[in-house]
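Observations on chain architecture
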Amino acid sequence: MATLVAEHVNKVYEATTPGQSATHALADFGFEASGHTFICLVGPSGCGKSTFLNLVSGVEKPTSGSVTVTAEGKNARIGYVFQDPRLLPWRTVLDNMIYVHDDGDRKTRRQRCMRFLEMVDLAHAADKYPAQLSGGMRQRIGIARALSIEPDLLLMDEPFSHLDAITARSLRTELQQLWQATGATVLFVTHDVNEAVQLSDRILMMNKGGTLYADIPIGLPRPRLLTDRDVVTQQADVLALFEQMRAEPIETETAETEGANH
Ligand SMILES: Nc1ncnc2c1ncn2[C@@H]1O[C@H](COP(=O)(O)OP(=O)(O)OP(=O)(O)O)[C@@H](O)[C@H]1O
Ligand SMILES: [Mg+2]
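Quantities reported herein were computed from a predicted structural model and do not represent experimental measurements. (Residues numbered from 1 in each chain as written. Chains lettered and ligands numbered in written order. Predicted model: local features only at pLDDT ≥ 70, side-chain atom pairs only at ≥ 80, totals over all residues. Heavy atoms only, no water.)

1. Focus on the overall build of the protein chain
Helices and strands together make up the secondary structure of the protein chain, namely 8 helices and 10 strands. For 262 residues, the compact-globule estimate of 2.2 N^0.38 gives 18 Å, and the C-alpha radius of gyration of the protein chain, at 19 Å, lies within 12% of that figure. With the C-alpha coordinates aligned to their principal axes, the bounding extent of the protein chain is approximately 55 × 45 × 40 Å. Sorting the 262 residues of the protein chain into buried and exposed places 50% on the buried side. Excluding contacts between residues fewer than 6 apart, the proportion of contacts in the protein chain whose partners are at least 24 apart in sequence is 69%. Taking the average location of the 25 positive side-chain charges in the protein chain and that of its 33 negative ones, the two points are 9 Å from each other. (Helix = DSSP H or I, 4+ residues; strand = E, 2+ residues; numbered from the N terminus. Rg over C-alpha atoms; globule rule 2.2 N^0.38 Å. Buried < 20%, exposed > 50% of the residue type's maximum accessible area, 1.4 Å probe, protein only. Contact = heavy atoms within 4.5 Å. Lys, Arg positive; Asp, Glu negative; His and termini not counted. Charge placed at Lys NZ, Arg CZ, Asp CG, Glu CD.)

So this is what it looks like as structure tokens:
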């Protein structure tokens, strides 16, 4: 479990070609989270969701403000699941898992990875190559690989958006169970409100310009099925708020001209 603190985060991408304006990807964005909680960042395309994950993972630095992730006072272990699982085609499934581990002898690493492949029901595919698997299987391997480092914080960036609806639906159900079996804090990015309500304890709704629009607790019991009336009702409520946000004018002028000292 991790503690994540983001305070007054601004991220400005400077123009790279003349005539282009700078992009204010995140504007005074912030929240705190800790414990065994599943958080979804929801927002329209370009609102800064992936940018925020890149700041959390340390791939990028904020222009101003701060993002810290700790686990019991120490640096947190962070796992990352991408939209595309980024498996190396020339390595077997098991070798794709093992190479992210740099501790212990090969036998120990192999056993650990097999345990996580079993968790996603893919132990039988250990010696196959990624091209021999379906898209859903590859994404489950991406998830197993991220979980196998036993992360305090798991970052997931639209992990199911490339999959067909039926596969995505069953992976959402599987992910709920997997997460409950781990102690990880999860930060899951999606532009799909229904997915966010089904999965999360808390939804951070982001608006264009990289601002936080709403912080919504989701207290529904798990497992959550799309046929549960309470799930459907809450999905409709959150979607209504999302549409309300989309209908409001956005002060892009302010976001772009205030720069990093906001
Ligand atoms: N490396 C970069 N250089 C310049 N601009 C960038 C860079 N990365 C992101 N941006 C810009 O920052 C804004 C936020 O992008 P980001 O990728 O975080 O959005 P997103 O919410 O993840 O969108 P999507 O749902 O489409 O994935 C966009 O306007 C994007 O064009
Ligand atoms: Mg993105």
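2. Some details on the packing of helix α3 (residues 106–119) against helix α4 (residues 135–148)
Two elements in contact, α3 and α4, have axes whose closest approach is 9 Å; the angle formed by their N-to-C orientations is 135°. The orientation of α3 relative to α4 falls into the category oblique. Every pair of crossing elements has a handedness; the one defined by α3 and α4 is right-handed. Together, Arg112, Phe116 and Leu117 of α3 and Ile141, Ala144, Leu147 and Ser148 of α4 make up the contact between the two elements. (Axes fitted to C-alpha atoms, helices over the stretch in contact; angles between N-to-C directions. Parallel < 35°, antiparallel > 145°, perpendicular 65-115°, else oblique. Left-handed = near helix turned anticlockwise from the far one by under 90°.)

3. Some points on the site of ligand 1
With respect to spatial proximity, the complete set of residues near ligand 1 consists of Tyr13, Thr23, Ala25, Pro44, Ser45, Gly46, Cys47, Gly48, Lys49, Ser50, Thr51 and Glu158. Interatomic distance of 2.5 Å between a side-chain N/O atom of Ser45 and an oxygen atom of ligand 1. Ser50 is positioned such that a nitrogen or oxygen atom in its side chain is 2.9 Å from an oxygen atom of ligand 1. Burial of ligand 1 by the protein chains amounts to 59% of its free accessible area of 640 Å². With 3 residues, the top contributor of residues to the shell around ligand 1 is helix α1 (residues 49–57). (Near = heavy atom within 4 Å. Polar contact = N/O pair within 3.5 Å; in protein donor to acceptor, adjacent residues only side chain to side chain. Areas by Shrake-Rupley, 256 points an atom, 1.4 Å probe, with all protein chains shown as cover.)

4. What to know about α1
Among the 9 residues of α1, 7 are classified as buried, and the element is accordingly described as predominantly covered. If you check which residues of α1 are buried, you get Lys49, Thr51, Phe52, Leu53, Asn54, Leu55 and Val56. Downstream of α1 by one or two residues, Gly58 has phi in the positive range, about 90°.

5. Topic: the sheet that holds strand β5 (residues 74–75)
Overall, antiparallel pairing links the 4 strands, which are arranged β2-β1-β4-β5 in an open sheet. One side of each edge strand has no neighbouring strand; the edge strands of this open sheet are β2 (23–34) and β5. Bridging between strand β1 (residues 3–13) and strand β4 (residues 64–71) involves 6 bridges; their strand directions are antiparallel. Bridged to Thr3 within β4 is Thr70. Running over the sheet, α1 touches β1, β2 and β4 and is turned about 120° from β1. (Pairing = 2+ DSSP bridges.)

6. Observations concerning the pairing of strand β3 (residues 38–42)
Of all 5 residues making up β3, 5 are buried, and the element is well covered by its neighbours. Residues of β3 alternate between two faces, with Phe38, Cys40 and Val42 on one and Ile39 and Leu41 on the opposite face, all of them buried. Across 5 bridges, the pairing between β3 and strand β8 (residues 185–190) is parallel. Residue pairing in the sheet places Cys40 in a bridge with Phe188 of β8.

7. Section: the packing of aromatic side chains
For any pair of aromatic rings, the description rests on two quantities: the centre-to-centre distance and the angle between the ring planes. Tallying each qualifying case throughout the model produces 7 aromatic pairs. Each ring, one from Phe29 and one from Phe52, has its centre 5.0 Å from the other, and the planes form 70°; the classification is edge-to-face. Remark: Phe52 occurs in helix α1 and Phe29 occurs in strand β2; sequence separation between them is 23 residues. The exposure classification of Phe29 matches that of Phe52, with both residues buried. Where Phe38 meets Trp179, the ring centres are 5.6 Å apart and the plane angle is 85°; that geometry is what we call edge-to-face. A residue pair is termed long-range when its members are at least 10 positions apart, and Phe38 in strand β3 and Trp179 in helix α5 (residues 165–181) qualify at 141 residues. (Phe/Tyr/Trp six-rings, centres within 6.5 Å; stacked < 30°, edge-to-face > 60°.)

Fair warning: the whole summary comes from geometry, so function is off the table for now.
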